[in-house]
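Reading the structure
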Amino acid sequence: MSVLVSEAKSTPPSQWVFLFNQLDTVEAAVQTKEWETIRAFLGGKGANLFEMTRLGLPVPPGFTVSTQACNAYLAAQHEFPAGLWEQEVAAMQAIEAQVGKYFGNPQNPLFVSCRSGAKFSMPGMMDTVLNLGLNDATAAGMIDLTRDPRFVYDSYRRLIQMFGSVVMGVADEPFEEVIAEQKKKSGVRNDVELSAADWMQIIERFKALIKAYKGIDFPQDPYRQLEMATRAVFNSWFGKRAIDYRNATGIRHDLGTAVNIQTMVFGNMGDESATGVAFTRNPVDGTQELYGDYLINAQGEDVVAGIRNTLPIARLQKDMPAAFAQFLAIVTKLENHFQDMQDVEFTIEQGKLWMLQTRSGKRTARAAIQIAVDMANEGRIDRKTALTRVTPEQVDQLLHPQFSAETKRQARSAGHLLVPKAVNASPGAAVGMAVFDADTADEWGKAGKAVIMVRPETKPDDVHGMIAAKGILTSRGGATSHAAVVARQFGTPAVCGAEELTIDIDHRILHVTVNDSPIEIREGDWISLDGGTGEVFLGQLATQEPDFENEVQLNTLLTWADEVRHLGVWANADYPKDAERARRYGAQGIGLCRTEHIFFEEDRLPIVQEMIMATSRARRLSALEKLLPVQRNDFEGLFRAMDGLPVIIRLLDPPLHEFLPSYQELVADLADLKVRLQHFHTLSEIDQALAQVRQKEDILHRVKALSEANPMLGLRGDRLSIVMPEITEMQIRAILEAAIHVKKAGIHVHPKIMVPLAGHVNELTYVRTIVDRVAAEVFAENGTTLSFEYGSMIEVPRAALTADQMAEVAEFYSFGTNDLTQTTFGMSRDDAESKFLLDYTEKAILPTNPFQQLDRDGVGKLIEMSVTLGRRRRPDMHMGICGEHGGDPNSIEFCHLAGLNYVSCSPFRVPIARLAAAQAAIRHQ
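Residues numbered from 1 in each chain as written. Predicted model: local features only at pLDDT ≥ 70, side-chain atom pairs only at ≥ 80, totals over all residues. Heavy atoms only, no water.

**Remarks on the overall build of the chain**
When helices and strands are tallied, the chain shows 38 helices and 31 strands. Dimensions of the chain along its principal axes, counting C-alpha atoms only, are 105 × 70 × 55 Å. Partitioning the intrachain contacts of the chain with sequence separation of at least 6 by distance along the chain shows that 70% fall at a separation of at least 24. Looking at the chain as shown, the accessible area adds up to about 37900 Å², and 50% of this sits on carbon and sulfur atoms. Charged side chains of the chain number 94 positive and 119 negative; the gap between the two group centres comes to 2 Å. (Helix = DSSP H or I, 4+ residues; strand = E, 2+ residues; numbered from the N terminus. Contact = heavy atoms within 4.5 Å. Areas by Shrake-Rupley, 256 points an atom, 1.4 Å probe, with all protein chains shown as cover. Lys, Arg positive; Asp, Glu negative; His and termini not counted. Charge placed at Lys NZ, Arg CZ, Asp CG, Glu CD.)

Below you can see the structure in the form of structure tokens.
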């Protein structure tokens with residue numbers, strides 16, 4: 001036996017390796033007893049093994065190589081840091097002394113497992129090797145000791161197979177083919193039926209496989225096995241699946257993984273041995289019951305790999321009553337100690353129970369909420385701790401229709417997965433018939449048909465179809481594209497940027513290639529999409545619908561959140577039904593009503609277009625008189641829904657050309673009309689066609705007149721109020737008349753009028769004179785008054801820089817963080833997301849997409865400056881955000897720290913924001 005000592009770059013001596021019984025030494029090394037620091041140093045698995053050892057539980061002895069060692073190894077170009085290997089060898093010798101067995105000694109052999117263990121659990125994402133120390137000599141010694149050659153050869157082949165696959169990089173399939181051939185040759189169906197002689201033959205073929213694939217022999221030196229396995233675990237930290245997992249779960253890439261070396265205990269030593277995995281509560285629904293599986297005469301990977309049908313954990317009480325009673329007492333102790341549902345691994349070796357691992361168990365959203373509330377009610381944890389046990393993402397998952405994992409698995413197996421991964425723009429499951437334009441979506445939706453609107457991209461005049469649709473699918477656009485923003489506003493599942501789709505709008509066909517086979521989806525064909533994962537399926541998948549009002553435990557948790565949080569949670573709502581939903585979900589006000597969305601309704605759009613096309617002020621006023629009662633009715637509905645709560649109504653924001661057909665569409669229509677004109681014969685047909693041509697030409701002329709090189713920074717927002725004040729006059733009148741009408745009906749109304757895109761105090765002053773003049777007229781006409789507030793959006797840097805001046809006129813601020821991000825970065829949201837933002841985040845030029853998570857260093861500083869300057873002028877000035885960031889937990893935390901009064905988000909994200917705001921208050925109390 002030899003001990004391999006790897007060369008290491010010269011670094012200051014450090015202690016990299018710690019025995020499971022050296023928790024006090026670890027605490028001294030990290031200079032704290034703070035558990036999160038210890039978990040970061042030892043990894044979650046290692047830290048829990050140390051703690052279980054300190055609790056006196058039956059844990060096989062072992063040691064942990066720290067996460068710092070992993071990071072040092074990776075930083076040194078995959079060389080062990082100085083002293084690490086010597087410490088590993090010394091730790092192995094210490095284990096030998098504890099157990100009275102010796103690593104590599106054929107007469108009394110010690111075998112160990114080598115497992116990964118990062119701070120945050122990453123199940124199956126990194127590498128594990130069992131049975132290290134087995135070789136030809138120790139296998140023979142074990143047979144002499146146990147008189148059980150089948151057990152020994154089964155264990156030996158497992159080592160060679162795992163070592164070959166995990167450490168040496170041989171694909172697993174050739175090993176499985178060897179086992180399958182041997183089973184066929186021996187006339188058996190299951191691995192457990194193979195004899196010792198069968199496993200002997202398999203072992204020799206496994207060795208030959210490694211030699212053939214790698215050109216070297218399977219290592220017989222146990223210390224060589226240990227050294228190579230340690231490297232493999234370190235290397236697996238940057239394996240693709242580990243990186244993908246961390247990207248998906250938001251785990252940092254600089255944490256590193258620990259390596260846990262633990263004495264092997266064997267569950268495959270006969271009918272008095274077993275191995276299993278169990279949860280102290282049901283991880284699916286949170287029920288307080290022992291939940292799990294086990295196998296008799298097996299090793300741990302057999303349970304998780306599905307090689308054999310497992311047995312329910314409750315049956316262990318019958319098969320091994322003494323071991324079960326001890327196990328039940330231990331897992332109860334573990335849950336009480338860690339004050340959370342535990343996921344444990346155990347092995348019973350010839351009747352003796354060993355605990356191999358414990359960790360806080362992964363759980364569904366429903367289970368997370370149930371367990372958190374139950375544990376608080378049981379007095380195990382306090383309510384604040386319960387609030388931290390549920391993530392905002394889990395609340396999101398619970399509140400959207402969902403496909404079960406099994407439903408999607410079956411669809412994939414049937415070849416029905418059309419899009420494996422696009423932008424998961426708005427979570428939830430949707431099933432419907434494909435339609436390719438907004439009018440059809442609206443028509444079919446009103447007829448009671450479930451539809452999914454399929455478009456290359458959407459625009460504001462598609463809103464009516466989007467409202468009617470169960471889901472939205474686009475081939476272009478990102479997470480904050482129009483389709484995505486509107487979808488989240490209405491809680492509609494959406495998948496965007498599915499570039500593998502070719503959408504033929506003219507022929508109403510969606511083309512996609514699946515497994516080299518072209519597929520056509522025609523209008524009326526059924527498709528299903530998962531807005532939480534970005535997947536699209538052919539056909540109708542079954543969904544599970546949530547019911548917020550009947551989610552008793554969720555509502556309990558959110559009530560606790562409301563008691564803790566400092567931030568108010570308001571909602572963005574344009575229609576009364578959205579306001580009603582927002583209020584049911586716990587919104588404390590409307591932070592943004594976008595009046596332009598109301599203008600796109602079918603019965604209003606022609607009037608809006610008439611107003612835009614007017615060639616004189618008189619005609620424009622005539623059109624606006626038609627819009628007035630419609631707008632007033634809309635606002636009355638909002639005020640009634642939000643009785644007693646504030647409602648912020650933003651004056652018209654988008655440029656007027658957005659309410660007209662596009663230039664390209666008009667040119668195409670004109671060309672078509674002129675061609676058709678040549679085929680008309682009667683005078684009436686010709687006159688009718690000429691009238692249509694003149695109408696289209698008038699609109700085209702107006703579109704040309706309104707066109708701008710950069711509409712986002714052109715004639716819109718408060719600039720529109722100044723250039724065309726009559727539009728603002730109509731909207732102010734509609735707001736105040738609606739407020740007076742509902743006030744007379746006993747409704748408590750709190751209107752707040754907001755000016756968009758202001759960048760100079762003089763703009764606010766000018767618009768304020770319009771507001772005051774119209775208000776005086778409305779109050780005089782109705783013989784009453786009411787209080788209202790006048791405020792400004794902060795969407796351009798100059799507004800933030802001069803927030804003290806703006807506050808001389810504005811009574812409140814609302815940060816429009818989507819536009820503020822665009823104007824701060826100098827980038828168009830849609831162009832950036834489609835052209836370069838993905839590269840920026842992948843190359844770490846930007847840490848995250850700033851349109852999804854608020855840029856604290858840039859946009860955040862402007863917000864903080866606005867808060868400071870604004871409150872210097874008005875100490876009690878009310879401020880919040882109403883952009884997409886209002887529903888993002890990280891951005892909500894920033895708003896808490898910045899001292900804002902509220903966040904405003906989609907009604908469907910109100911429960912998420914309530915929890916996120918409470919968690920921010922707890923973290924920074």
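**Quick word on the sheet that holds strand β19 (residues 502-504)**
Strand order across the open sheet formed by three strands is β19-β20-β21, with antiparallel pairing between neighbours. Every other strand in the sheet has two partners, leaving β19 and β21 (517-522) as the edge strands with one partner each. Averaged over all adjacent pairs, the angle separating strand axes in this sheet is 25°, with direction ignored. Pairing of β19 with strand β20 (residues 509-514) involves three bridges; the strand directions are antiparallel. Bridge pairing in β20 places I503 opposite L510. (Pairing = 2+ DSSP bridges. Axes fitted to C-alpha atoms, helices over the stretch in contact; angles between N-to-C directions.)

**Considerations on the nonpolar core**
Counting 136 residues, the largest nonpolar core has F635, F639 and L900 as its most contacted members. Ranked by residues supplied to this core, first place goes to helix α29 (residues 725-744) with ten residues. Residues within four places of F639 in sequence aside, it is in contact with V647, I649, I735, A738, A739, V742, I747, V749 and P751. Counting residues in hydrophobic clusters, the runner-up holds 72 residues, among them W85, L110, V152 and W199. (Core = buried A, V, L, I, M, F, W, Y, C linked by side-chain atoms within 4.5 Å. Buried < 20%, exposed > 50% of the residue type's maximum accessible area, 1.4 Å probe, protein only.)

**Considerations on the sheet that holds strand β2 (residues 62-65)**
Strand-to-strand pairing in sheets goes through backbone hydrogen bonds, with the strands running parallel or antiparallel. Taken in spatial order, the five strands make up an open sheet running β1-β2-β7-β5-β6, and their pairing is antiparallel. Sheet topology places β1 (17-19) and β6 (128-132) at the edges, where each strand pairs with a single neighbour. Adjacent strand axes in the sheet meet at a mean angle of 20°, parallel and antiparallel pairs treated alike. Lying over the sheet, helix α2 (residues 35-54) contacts β1, β2, β5 (112-118) and β7 (257-263), oriented at roughly 125° with respect to β5.

**Topic: a negative patch on the surface**
There is a patch of like negative charges on the surface, built from D172, E173, E176 and E177. Within the secondary structure layout, E177 lies in helix α7 (residues 172-186). Overall, the relative accessible area of 48% leaves E177 in the partly exposed class. (Patch = residues over 30% accessible without salt bridge, like charges linked within 9 Å, V, L, I, M, F, W, Y side chains within 5 Å. Salt bridge = Lys/Arg side-chain N within 4 Å of Asp/Glu carboxyl O.)

**Re the packing of aromatic side chains**
Going through the model one piece at a time under the given rule, you end up with 23 aromatic pairs. Ring centres of F80 and F234 lie 6.4 Å apart, and the angle between their planes is 85°; this geometry places the pair in the edge-to-face category. Of this pair, F80 sits in the loop between α3 (67-75) and α4 (84-99) while F234 sits in helix α9 (residues 222-236), and the two are 154 residues apart along the sequence. When the centroid spacing of 5.1 Å and the interplanar angle of 85° are considered together, the rings of F103 and Y223 count as edge-to-face. Placement of the pair is F103 in strand β3 (residues 102-103) and Y223 in helix α9, with a sequence separation of 120 residues. In terms of burial, F103 and Y223 fall into one category: buried. What links up through ring pairs into an aromatic cluster is the set Y73, F80, W85, F103, Y223 and F234. Here the basic side chain of K449 rests over the ring of W444, its NZ or CZ set 4.5 Å away from the ring centre. (Phe/Tyr/Trp six-rings, centres within 6.5 Å; stacked < 30°, edge-to-face > 60°. Lys NZ or Arg CZ within 6 Å of the ring centre and 35° of its normal.)

**A closer look at the packing of α2 against helix α13 (residues 321-338)**
Two elements in contact, α2 and α13, have axes separated by 13 Å at closest approach and are oriented at 160°. For the element pair α2 / α13, the angle class is roughly antiparallel. Between α2 and α13 lies a crossing of right-handed hand. Contact residues: α2 offers W35, N48, E51 and M52, while α13 offers L334, H337 and F338. Across the contact of α2 with α13, the residue classes tally to four nonpolar, two polar and one charged. (Parallel < 35°, antiparallel > 145°, perpendicular 65-115°, else oblique. Left-handed = near helix turned anticlockwise from the far one by under 90°. Nonpolar A, V, L, I, M, F, W, Y, C, P; charged D, E, K, R; others polar.)

**Topic: the pattern of salt bridges**
Counted by the stated rule, this structure contains 63 salt bridges. R39 serves as the salt-bridge partner of E36, at 3.1 Å between the closest nitrogen and oxygen. Linking E36 with R39, this pair stays in helix α2, spanning three residues, or about one helical turn. For E36, a relative accessible area of 34% corresponds to the partly exposed category. Measuring nitrogen to oxygen at the nearest pair gives 3.6 Å for the salt bridge that ties R476 to E457. Remark: E457 occurs in the loop between β16 (451-455) and α19 (463-468) and R476 occurs in the loop between β17 (471-474) and α20 (482-489); sequence separation between them is 19 residues.

**Concerning the pairing of strand β25 (residues 590-594)**
With five of five residues buried, β25 is to be regarded as a mostly interior element. Of the crossover connections in this fold, the one passing from strand β24 (residues 568-572) over helix α22 (residues 576-584) to the parallel β25 is right-handed. (Right-handed = clockwise from strand over helix to strand, strands pointing away.)

**Considerations on unusual backbone geometry**
Within the chain, Q350 stands out as a residue other than glycine whose phi angle is a positive 50°. In this structure, Q350 sits in the loop between β11 (342-349) and β12 (352-360). Its identity as a non-glycine residue notwithstanding, N515 has a phi of 50°, on the positive side. Mapping N515 onto the fold places it in the loop between β20 and β21. On the basis of relative accessibility, which here comes to 67%, the residue N515 falls in the exposed class.

**Points about the side chain of H896**
Positionally, H896 belongs in helix α37 (residues 889-898). If sequence neighbours within four positions are ignored, H896 has contacts with H566, L567, A920, A921 and H924.

**Structural notes on the confidence of the model for the chain**
Taken as a whole, the chain shows an average pLDDT of 90; of its residues, 96% reach a score of 70 or greater. Counting interchain partners and residues more than four positions distant, the pLDDT-below-50 stretch residues 1-13 has 29 contacts. (pLDDT = per-residue confidence, 0-100.)

**Some remarks on the packing of α22 against helix α25 (residues 617-641)**
Their axes nearest at 8 Å, the elements α22 and α25 cross at an angle of 10°. On the basis of their axis angle, the class for α22 and α25 is roughly parallel. Residue-level contacts link P576, A579, E580 and R583 of α22 to D634, G637, L638 and A641 of α25. Of the residues in the contact of α22 with α25, the class split is four nonpolar, one polar and three charged.

**Looking at the environment of E893**
Within the secondary structure, E893 sits in helix α37. With residues near it in sequence (within four places) discarded, E893 still touches R856, A920, R923 and H924. A distance of 2.9 Å separates polar atoms of two side chains, one belonging to E893 and the other to R923. (Polar contact = N/O pair within 3.5 Å; in protein donor to acceptor, adjacent residues only side chain to side chain.)

**A closer look at the environment of V778**
Mapped onto the fold, V778 is located in helix α30 (residues 761-782). Leaving out residues up to four positions away in the same chain, V778 has contacts with R733, L736, E737 and I740.

**Let's talk about α30**
Compared with the 32 Å implied by 1.5 Å per residue over 22 residues, the 31 Å span of α30 between its first and last C-alpha is a close match. Residues V761, E763, L764, V767, R768, I770, V771, V774, A775, V778 and F779 constitute the buried set of α30. As for α30, its buried residues are in contact with α28 (718-723), α29, β27 (750-755), β28 (789-794) and α32 (803-806). (Expected span 1.5 Å × (residues − 1).)

**Topic: the pairing of strand β29 (residues 812-815)**
Across the two faces of β29 the burial is the same, with F812 and S814 and Y813 and F815 all buried. Summarising the sheet, β28 and β29 pair through three bridges and their orientation is parallel. Directly across from I794, in β29, lies its bridge partner F815. In this structure, β29 lies alongside strand β30 (residues 878-881), joined through four bridges in parallel fashion. Counted as the bridge partner of F815 is I881 from β30.

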